[in-house]
Amino acid sequence: MNGQSSSFVTVQNGRLTLNNQDYMYIGTNFWYGANLASQGPGGNRPRLLRELDRLHSLGINNLRIQAGSEGPNTEPWRII
């Protein structure tokens, strides 16, 4: 990157970096986040905002969110 500023995390010498400085993060799985964000059944925007605020207050700044967890009643591995 030749010293240029970037909003992307890169790898330098096997380490994550952002703007040529070590980039460290704390993350967690937030599998039901998409469901809480839904405007349909299961959606709960106030709870989503509370949980995001709480995660942020704990220093968690990276989330892995499952994009699809719903399906027809015939599927055994889904959210009801």
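Residues numbered from 1 in each chain as written. Predicted model: local features only at pLDDT ≥ 70, side-chain atom pairs only at ≥ 80, totals over all residues. Heavy atoms only, no water.

- If you look the chain up in an unreviewed UniProt entry, it shows as Glycoside hydrolase family 5 domain-containing protein from Adineta steineri.
- Here the chain is described in UniProt, under the heading Sequence similarities (unreviewed entry), as follows: "Belongs to the glycosyl hydrolase 5 (cellulase A) family." (UniProt positions renumbered as here; feature names shortened; annotations may be inferred.)

**Side note on the overall build of the chain**
Here is step 1 of the chain: The helix and strand tally for the chain stands at 2 helices and 5 strands.
Here is step 2 of the chain: The burial tally for the chain puts 15% of its 80 residues in the buried class.
Here is step 3 of the chain: For the chain, long-range pairs separated by at least 24 residues make up 41% of all intrachain contacts whose partners lie at least 6 apart in sequence. (Helix = DSSP H or I, 4+ residues; strand = E, 2+ residues; numbered from the N terminus. Buried < 20%, exposed > 50% of the residue type's maximum accessible area, 1.4 Å probe, protein only. Contact = heavy atoms within 4.5 Å.)

**Things to note about the packing of aromatic side chains**
Here is step 1 of the chain: As enumerated under the stated definition, the model contains 3 aromatic pairs in all.
Here is step 2 of the chain: Between the aromatic rings of Tyr23 and Tyr25, the centroid separation amounts to 6.1 Å while the plane-to-plane angle is 35°, which identifies the pairing as tilted.
Here is step 3 of the chain: You can call Tyr23 partly exposed: its relative accessible area is 23%.
Here is step 4 of the chain: These aromatic residues form a ring-pair network of at least three members: Phe30, Trp31 and Tyr32. (Phe/Tyr/Trp six-rings, centres within 6.5 Å; stacked < 30°, edge-to-face > 60°.)

**Description of the nonpolar core**
Here is step 1 of the chain: Core analysis: the biggest nonpolar cluster contains 5 residues, these being Phe30, Leu36, Leu48, Leu55 and Ile60.
Here is step 2 of the chain: Other than its neighbours up to four places away in sequence, Leu36 contacts Phe30, Gly42, Gly43, Asn44, Arg45, Arg47, Leu48 and Glu51. (Core = buried A, V, L, I, M, F, W, Y, C linked by side-chain atoms within 4.5 Å.)

**Let's talk about a nonpolar patch on the surface**
Here is step 1 of the chain: A grouping of Val9, Val11, Leu16 and Tyr25 is seen on the molecular surface, where their side chains present a nonpolar patch of about 360 Å² in accessible area.
Here is step 2 of the chain: One can find Tyr25 in the loop between β3 (21-22) and β4 (27-29). (Patch = residues over 30% accessible without salt bridge, like charges linked within 9 Å, V, L, I, M, F, W, Y side chains within 5 Å. Areas by Shrake-Rupley, 256 points an atom, 1.4 Å probe, with all protein chains shown as cover. Salt bridge = Lys/Arg side-chain N within 4 Å of Asp/Glu carboxyl O.)

**Quick word on the side chain of Thr17**
Here is step 1 of the chain: Take Thr17: it is sitting in strand β2 (residues 15-18).
Here is step 2 of the chain: If we ignore the near neighbours within four places in the chain, the residues touching Thr17 are Phe8, Val9, Thr10, Gln12, Asp22 and Tyr23.

**Considerations on helix α2 (residues 45-57)**
Here is step 1 of the chain: For α2, spanning 13 residues, the distance from its first C-alpha to its last is 18 Å, which sits close to the expected 18 Å at 1.5 Å a residue.
Here is step 2 of the chain: Listed in full, the buried residues belonging to α2 are Leu48, Glu51 and Leu55. Taken around the axis of α2, the buried residues stretch over an arc of 70°, which confines them to a single face. Residues Pro46, Arg50, Asp53, Arg54, His56 and Ser57 are exposed on α2 and point more than 90 degrees away from its buried face.
Here is step 3 of the chain: Where the residues of α2 are buried, they touch β4, α1 (33-37) and β5 (62-64).
Here is step 4 of the chain: Looking at the residues trailing α2, positive phi occurs at Gly59, about 90°. (Expected span 1.5 Å × (residues − 1). Arc of directions from axis to C-beta.)

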